[in-house]
Amino acid sequence: MRHDRPSDTAKFVLNGVYWTSHHSRLRSEVPSGLAGDAVEMIRCLEWPERISGSWLQRRMLLWKAGLLQAISIPGIYLHQMLRKRFIESTVRNEVLSSVSQMVVFGAGFDTLSLRVAADHPGITVIEVDHPATQAVKIAAVKRFDLSTKRCVFVQSDIEEDGITGALAGCPDYDPDAATLFVAEGLTMYLSERRVRDLLRFVSGGSSDSRILFTYMEETPSGRWDFAEQRLLATKWLAFRNERFTWGSSPDLIPGLLADCGLELMAHRTTEDLRFELLEEQNRGARLAHGENVVLAGSERTTA
């Protein structure tokens with residue numbers, strides 16, 4: 001990833017939120033509050049005149065977003081919405097009541113942390129992200145007065161700075177507090193060493209801490225790509241220096257967690273999310289496969 005501009009993948013995900021939230025059938029699958037926030041984020045990027053312009057300009061933006069999905073990873077937008085819905089539901093319904101702090105790594109232009117901070121002012125919420133990407137997000141927060149409450153922004157390149165380096169200089173971070181860590185769409189860009197550092201960091205903190213993260217499954221070719229991924233998408237990710245560099249498999253995840261002092265609490269594949277979350281009329285919709293979601297906790301608590 002280049003240091004002088006926001007993540008292209010983060011922009012792509014934002015395109016997906018906008019496209020799905022305007023789809024006649026799939027708009028109901030977008031997490032509550034996310035669609036409106038996505039519009040504000042888009043206004044701070046390179047196409048502000050399109051989002052607030054004529055009907056034709058807005059339709060062109062939707063057409064472009066749909067085309068990008070079709071030529072890169074068919075079904076990726078809906079997969080991302082289900083991924084986000086599962087993470088948000090788990091955060092709000094299963095974890096927040098037992099923690100006093102939430103740390104989100106690599107949030108991109110997602111606004112879960114902002115919405116949690118607004119709804120739960122007693123919880124300290126910290127976002128750690130790439131400086132160029134986070135700068136755009138902070139600009140959107142200031143420009144459109146998105147509520148931050150106790151949301152603290154920390155700029156860091158996690159692969160270079162490491163997990164402890166990212167949080168060491170943050171006075172709001174309490175290493176002894178029960179914490180929920182979220183790493184959505186991040187581990188595929190890290191080395192295995194950094195992934196293990198992250199998991200050990202979680203297990204070394206409070207026994208009540210948890211981590212929600214996603215990971216890529218290995219494809220038959222020995223790469224960590226979506227099963228539906230087009231060659232164009234693979235070349236584009238490599239050109240932008242945002243190619244996937246790490247992955248695992250459902251069979252290996254429990255062992256990886258155990259090596260790092262954690263225990264598996266929940267695991268969802270794309271097909272699990274299809275039948276668990278999709279509304280009945282959308283059950284047959286196309287979904288990208290290859291990225292799974294994990295909830296893990298300290299063995300001291302889950303044992």
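Just above, that's the structure.
Residues numbered from 1 in each chain as written. Predicted model: local features only at pLDDT ≥ 70, side-chain atom pairs only at ≥ 80, totals over all residues. Heavy atoms only, no water.

Asker: Before we go on, may I ask you to explain the nonpolar core in this structure?
Answerer: Across soluble globular proteins, nonpolar side chains have a tendency to be buried as a group. With 45 residues, the main nonpolar core has Val91, Met102, Leu180 and Leu212 as its most contacted residues. Residues contacting Val91, with those up to four places away along its chain left out, are Leu96, Met102, Leu112, Val116, Leu180, Val182 and Leu212. Residues Phe105, Cys170, Cys260 and Val294 belong to the second largest nonpolar core, which totals 32 residues. (Core = buried A, V, L, I, M, F, W, Y, C linked by side-chain atoms within 4.5 Å. Buried < 20%, exposed > 50% of the residue type's maximum accessible area, 1.4 Å probe, protein only. Contact = heavy atoms within 4.5 Å.)

Asker: Sorry, what's going on with the sheet that holds strand S4 (residues 179-183) here?
Answerer: Pairing between the strands of a sheet comes from backbone hydrogen bonds, and it takes one of two forms, parallel or antiparallel. Within the open sheet, the seven strands sit side by side as S3-S2-S1-S4-S5-S7-S6. Their pairing is mixed. A strand with exactly one partner marks an edge of an open sheet, and here the two such strands are strand S3 (151-155) and strand S6 (262-268). The average angle at which neighbouring strand axes cross in this sheet is 20 degrees, direction not considered. The pairing of S4 with strand S5 (residues 210-216) spans four bridges and is classified as parallel. Among the inter-strand pairings, Val182 is bridged to a residue of S5, identified as Leu212. Each of strand S1 (101-105), S4, S5 and S6 is contacted by helix H9 (residues 192-203), which is oriented at about 165 degrees to S5, the strand it contacts most. Sitting on the sheet, helix H12 (residues 270-277) touches S6 and strand S7 (291-298), and the angle it makes with S6 is about 60 degrees. (Pairing = 2+ DSSP bridges. Helix = DSSP H or I, 4+ residues; strand = E, 2+ residues; numbered from the N terminus. Axes fitted to C-alpha atoms, helices over the stretch in contact; angles between N-to-C directions.)

Asker: Is there a simple way to think about the pairing of S4 in this case?
Answerer: The buried count for S4 comes to five of five residues, which makes it a mostly enclosed element. Taking every second residue as pointing to the same face, both faces of S4 are buried, with Thr179, Phe181 and Ala183 on one and Leu180 and Val182 on the other. Sheet topology places S1 next to S4; four bridges connect them, and they run parallel. If you follow Val104 over to S4, its bridge partner there is Val182.

Asker: Would you mind going over the side chain of Ser113 with me for this structure?
Answerer: Position of Ser113 among the secondary structure elements: in helix H6 (residues 112-119). The exposure class assigned to Ser113 is buried, which follows from its relative accessible area of 2%. Looking at Ser113, its side chain comes within polar contact range of the side chain of Glu127, at 2.2 Å. Those residues within four positions of Ser113 in sequence are excluded, and the remaining contacts are Met102, Val104, Val125, Glu127, Lys137 and Cys151. (Polar contact = N/O pair within 3.5 Å; in protein donor to acceptor, adjacent residues only side chain to side chain.)

Asker: What is the right way to look at helix H5 (residues 76-95) in this model?
Answerer: Turn by turn, an α-helix covers 3.6 residues, leaving residues three or four places apart pointing in a common direction. In this model H5 runs 27 Å from its N-terminal to its C-terminal C-alpha over 20 residues, within 8% of the 28 Å that 1.5 Å per residue would give. Extensive coverage of H5 is indicated by the burial of 15 of its 20 residues. (Expected span 1.5 Å × (residues − 1).)

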